[in-house]
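Reading the structure
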Amino acid sequence: MADSQIISLQDYVCDLDLSTLPRILEIHSGVYFQGSVYEISGNECCLSTGDLVKIIHVELQKVTCENAEIGMTYDLPPDLPGTFKLAPCRSIGDMMQRHGEQGFEVVSFQSAKDIHTQGSVICKGDPITATGVKSVKGQMFATCIVDGLEEQLYINLPFSLPGEFSENLDQSFSIDEILSSKPLRSKRLIYVEMEHRVTEKYLRGDLLLEPVYEIQAIMHLRKNIVKIPSNLEVDVSDVSEEQKEVTFIKPLSLLDLMNEPQDTFPAAVEILDSPGLLAPYKDEWTHCLRKGALLTVHSKQVTKKILATSMSNKVSQHFLISSMYKGMFRRRPREFHTTFDLCNAVSSEAPLHVVVTRDCMSNEDDQVSLCVGERLIALAKTTARVVSCGVPQDIDVLVCNKVEDDEDEEGMVEEVLLPWYLEGRFVEEIRDNRKYTISEICDGFNFPFEVKVTVKDPAFKIDPLKPFPAIKLEESILVPTLLVSLAEKPSDSFFIPVEWMSLSVQLLAERPSEDIAPTHVASVVELTESMYYDLRKCSNLSSCPPPRPPKRASNKILPATSTATSPPFPKAPGRQTSFGPQRIVSKRKA
């Protein structure tokens, strides 16, 4: 096949020598117009005039069978058993027409029956060779030579002469032989019935077979291998020699880059398209991620980040703090609005001291359950049994100690069980002034947790967290990131969150020097409002709301059958126990 000859994709693939793969094709005019996008085998594919496609593999998928008698087309399996013979032509004209489409050529054929014409008899099976055609008084004839048993006969056979004429009456072909032969693919065939086999209706009569191949190809700026059927109505030309040095760019998403082997890094990449307008961070480096920018990807890692919000009267700001942050924090008193919030903050290692800042009303008889100024020590979560509509049931409660006189040996102590749904307001009592690192806070306390930065991170000229009177640490999250620097500023690096940014890049052949290591990576980044609320929306899906209170109808506590488990802290001697809504009126000195 001559290079640059424009032919249909089907014809090209049918005659392709698979030993010459890969081959590069250029797309020409067809049913696929410039810039149109079509779905091919489940993949979107854009075939535009001038595109280059590299064929790397061709595989036979099926064989289409056109049945001329019933006027329908079916799919045949490539391994169909049985053989085919050339279908006979019904007249001399049909035989000549079969071979006259590309210009007349010498045709040899036979007749399945004896022919009586012009006073002569052509016996069944005698070789007939048509050497030309001529017109006599408007009627077309084929000039033929007949090799009989006794002599050679020269005769003109009219195109209208009926019969059954075939090029070879006895030879049969397998489906593989037909598909590999260009002349046989263009001829009408008949299926030969196998012994003890009933031929399906669609295999009876004249058939035309055509293979359909699946072409696996690489296209410019496509990440995956494209699978294209060979019978697409598109024209191509082979430009393998002219374009043998062409490079097919394979785009990678940041997530694809994250999945590359570890020894791929450090890697040099080029940005193929700019990211979306909604960047997750407010940092300046997000504006440098533009089309054509060159980056050095130093490593991939999953980093632990603390989601934090500034606590101020003005507009709140949101941050991600990494474990590399070197600033120091002091604890700030937390505020809780329900017993459920207290439960989430209780630690098994240390009790939680709180002061009641709003009266808590009972759901049952509107009596005050807790008064402003009362001090509690939240100890542990457990369950207690109540009677609702005459049916005992277990509900979740928080075991607390109510204390007075600074909880010294002379102070009064009583145990209360607060249902999780009890509304109120509690403020934490801070009993230490020590400074904590971000790692110590993560290891020793539950989130949410409020702090104040007392010692700034020396890596910052101006620590972004230092000016705020309080910072609320909301939750800890794991973020898959790429450690990246701009090629023009290799020492200034930043972490790109691969799941939060849409960016396409290509790996460059030249790898950066491994001696170039990042020297400064920001340990605090500011989040955009939209990114912050997206993160909170995801985290809120996994958090449970406070439980609903039991039904109001005659809920009674069964004090003798409480199923509360022992709290992790020792009880003070002589304490009395009450359950949430019921106030304790009798107290004893410890």
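Residues numbered from 1 in each chain as written. Predicted model: local features only at pLDDT ≥ 70, side-chain atom pairs only at ≥ 80, totals over all residues. Heavy atoms only, no water.

**A short note on the packing of aromatic side chains**
Per the stated rule, a full pass over the model turns up eleven aromatic pairs. Ring pairs connect the aromatic residues Tyr281, Trp285, Phe494 and Trp500, which therefore count as one cluster. (Phe/Tyr/Trp six-rings, centres within 6.5 Å; stacked < 30°, edge-to-face > 60°.)

**Structural notes on unusual backbone geometry**
With the exception of glycine, most residues fall at negative phi, and the peptide bonds are largely trans. For the peptide bond that leads from phenylalanine 265 to proline 266, omega is 0°, which places it in the cis range. The linkage connecting phenylalanine 447 with the following residue, proline 448, adopts the cis geometry, with an omega of 0°. Its location among the elements puts proline 448 in the loop between helix H7 (438–444) and strand S33 (449–455). One non-glycine residue, lysine 137, adopts positive backbone phi at about 55°. Secondary-structure assignment places lysine 137 in the loop between strand S12 (128–136) and strand S13 (139–147). (Helix = DSSP H or I, 4+ residues; strand = E, 2+ residues; numbered from the N terminus.)

**Quick look at the pattern of salt bridges**
Within this structure, the stated rule accounts for 17 salt bridges. Its salt-bridge partner being glutamate 429, residue arginine 431 comes within 3.8 Å of it at the nearest N-O pair. Looking at glutamate 429, the relative accessible area reads 24%, which means it is partly exposed. Taken together, the shared-partner salt bridges connect Arg331, Arg334, Glu428 and Asp432 into one network. (Salt bridge = Lys/Arg side-chain N within 4 Å of Asp/Glu carboxyl O. Buried < 20%, exposed > 50% of the residue type's maximum accessible area, 1.4 Å probe, protein only.)

**Considerations on the confidence of the model for the protein**
Mean pLDDT over the protein stands at 79; residues scoring 70 or higher make up 81%. Between the elements of the protein, mean pLDDT differs from a low of 42, seen in strand S40 (residues 577–579), to a high of 95, seen in strand S23 (residues 318–322). Counting contacts from residues 32–37, a segment whose pLDDT is below 50, to residues more than four positions away or on other chains yields 17 contacts. Predicted confidence for residues 553–590 stays below pLDDT 50, and this span has 87 contacts to residues more than four positions away or in other chains. (pLDDT = per-residue confidence, 0-100. Contact = heavy atoms within 4.5 Å.)

**Comments concerning the environment of proline 497**
Positionally, proline 497 belongs in strand S35 (residues 489–497). Counting along the chain gives 16 residues from proline 497 to threonine 481, while the straight-line C-alpha distance between them is 4.5 Å. The residues touching proline 497, leaving out its near neighbours within four places in the chain, are Leu254, Pro280, Tyr281, Val479, Pro480 and Thr481.

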